[in-house]
Amino acid sequence: MPAPFSKSGCATFLAPMQDISDAPFMAIFADFGSPDFYVAEYFRIHEYYEFEASIMRAIMSRPCGRPVCAQFIGEDEFYMAKAAAQLGKYPEITMLDLNLGCPAPKIYRKNVGGGLLRNPDKIKSLMRALRSEWGGCLSVKMRLGFESALEFPKLLDAVLENPPDFITVHARTVRQLYRGAPDYKYIAYAVKHSDIPIIANGDIVSCGRVREVLDSTSCAGVMCGRQAVRNPWIFRQIKEMLEGSDIFRPTLGDVRLYIDRLSRNILAKGGVLHADSVLKKFLNFVGLGVDPRGEFLYCMRRARGMSELLKVCDAFLLRDPSIPFADTPYPGLCSRPNHEAICQ
Ligand SMILES: Cc1cc2nc3c(=O)[nH]c(=O)nc-3n(C[C@H](O)[C@H](O)[C@H](O)COP(=O)(O)O)c2cc1C
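Residues numbered from 1 in each chain as written. Predicted model: local features only at pLDDT ≥ 70, side-chain atom pairs only at ≥ 80, totals over all residues. Heavy atoms only, no water.

What follows concerns the packing of helix 6 (residues 152–161) against helix 7 (residues 185–192). Helix 7 packs onto helix 6 with a crossing angle of 40° between their chain directions and a minimal axis gap of 11 Å. By the angle between their axes, helix 6 is oblique relative to helix 7. Note on packing geometry: the crossing formed by helix 6 with helix 7 is right-handed. Where helix 6 abuts helix 7, its residues Phe152, Pro153 and Leu156 lie against Tyr186, Tyr189 and Ala190. Of the residues in the contact of helix 6 with helix 7, the class split is six nonpolar, no polar and no charged. (Axes fitted to C-alpha atoms, helices over the stretch in contact; angles between N-to-C directions. Helix = DSSP H or I, 4+ residues; strand = E, 2+ residues; numbered from the N terminus. Parallel < 35°, antiparallel > 145°, perpendicular 65-115°, else oblique. Left-handed = near helix turned anticlockwise from the far one by under 90°. Contact = heavy atoms within 4.5 Å. Nonpolar A, V, L, I, M, F, W, Y, C, P; charged D, E, K, R; others polar.)

Right, let's talk about the site of the ligand for a bit. As a structural note, the neighbourhood of the ligand is formed by 17 residues, with Pro16, Asn201, Asp203, Gly225 and Arg226 the closest of them. The side chain of Gln71 places a nitrogen or oxygen atom 2.8 Å from a nitrogen atom of the ligand. Within the contact set of the ligand, an oxygen atom lies 2.8 Å away from a backbone nitrogen or oxygen of Asp203. A total of 600 Å² of accessible area belongs to the ligand in isolation, and the protein chains cover 89% of it. (Near = heavy atom within 4 Å. Polar contact = N/O pair within 3.5 Å; in protein donor to acceptor, adjacent residues only side chain to side chain. Areas by Shrake-Rupley, 256 points an atom, 1.4 Å probe, with all protein chains shown as cover.)

It is the contact of helix 5 (residues 120–133) with helix 6, at a shortest axis distance of 8 Å, that shows an interaxial angle of 20°. When the axes of helix 5 and helix 6 are compared, the pair comes out roughly parallel. Like other packed secondary-structure pairs, helix 5 and helix 6 cross with a definite hand, here right-handed. Listed contacts from helix 6 to Pro120, Ile123, Lys124 and Arg128 of helix 5 are Lys154, Leu155, Ala158, Val159 and Glu161. For the contact of helix 5 with helix 6, a count of residues per class yields five nonpolar, no polar and four charged.

Turning to the packing of aromatic side chains, a few remarks are in order. Considering all chains together, one arrives at 21 aromatic pairs under this definition. On the numbers, 5.5 Å between centres and 40° between planes, the contact of Phe13 with Phe166 is tilted. A residue pair is termed long-range when its members are at least 10 positions apart, and Phe13 in strand 1 (residues 11–14) and Phe166 in strand 6 (residues 166–170) qualify at 153 residues. Owing to a relative accessible area of 2%, Phe166 belongs among the buried residues under this scheme. For the pair Phe32 and Tyr258, a centre-to-centre distance of 5.7 Å together with 65° between the ring planes defines the contact as edge-to-face. Of the two residues, Phe32 is situated in helix 1 (residues 23–32) and Tyr258 in helix 11 (residues 252–269); the sequence distance between them amounts to 226 residues. Accessibility assignment for this pair places Phe32 and Tyr258 in one class, buried. Every member of this aromatic cluster is reached through a ring pair, and the members are Phe5, Phe13, Phe37 and Phe166. Arg118 extends its terminal NZ or CZ atom over the ring of Phe146, reaching a point 4.5 Å from the ring centre. When the ring centre of Phe248 is taken as origin, the NZ or CZ atom of Arg236, which lies over that ring, is 4.0 Å away. (Phe/Tyr/Trp six-rings, centres within 6.5 Å; stacked < 30°, edge-to-face > 60°. Buried < 20%, exposed > 50% of the residue type's maximum accessible area, 1.4 Å probe, protein only. Lys NZ or Arg CZ within 6 Å of the ring centre and 35° of its normal.)

Encoded structure:
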């Protein structure tokens, strides 16, 4: 099935993020501005695979009536094909993605996710297996290479041997993890060397960045992950930019309301012992746009318990709620929780 968007527009995607992109998180975008498509956390496909209920719920939730793409991570052709056939029985599930990018060592050491980028022949046979059993839209989400971006042309050829319907390229290598500047020129290369739509991913931080990437690569759209956690209005802003209308500029007061939504989601799940730690996971991204010196990040990381944490949010965000929320992350701040707020 061809991609449900064209090569010449700008389709928008919420990136898959483990322990973040669940149904309640996706639902937030219905109020703040929905992307065209969502991608769910991955299903691990192996001999004893199961489709986890929470991921299934996210896929079936269809926020704003938009499709949620399922994602597989695995390396066994037989079980991948079997799982694809099983997923195909759900008429609501129309999109399936193969993860070729996860950089966590405990994942890539099993030769799945980003680990598959070390084995182009395996990529070819996995794509053949998925194609044989999956009749819906099939995509691949890949990085530029394992060690080096110089691997990209060969990896792209391997992916294109049994072509997916579109490819998302996170313009970093596995070794880079989430650091260093994405190299978008490889996205331009993929656009030039394939007939299918290419989606750009990696530090799509703002409308300005979207414009830059569209102009320099001619990609068919963008996928936002951490940037959408930081700024859930990003898809609305992209749409407004593309339409040429005024772009919504959230204030710190708006951000405080977003944090309320996040807290309610966390508390509604019940059984969350450390709700404050779960909220901090989100605030590590939100905080990148609150103040340039990283004082919010510093204080919120030290808050103990939910009520103390929300008091810190009030202190920083409601002191003057009309202050604009930064459009892009303040330079030098760090989202990694075990770091001081300011990156060395
Ligand atoms: C917490 C977290 C979890 C992620 N989980 C997944 C995943 O399950 N599947 C996947 O393909 N990528 C996953 N990614 C990668 C993102 O989808 C995305 O490719 C990456 O963060 C780069 O985009 P960004 O700069 O907009 O965040 C994850 C990233 C983060 C930060």
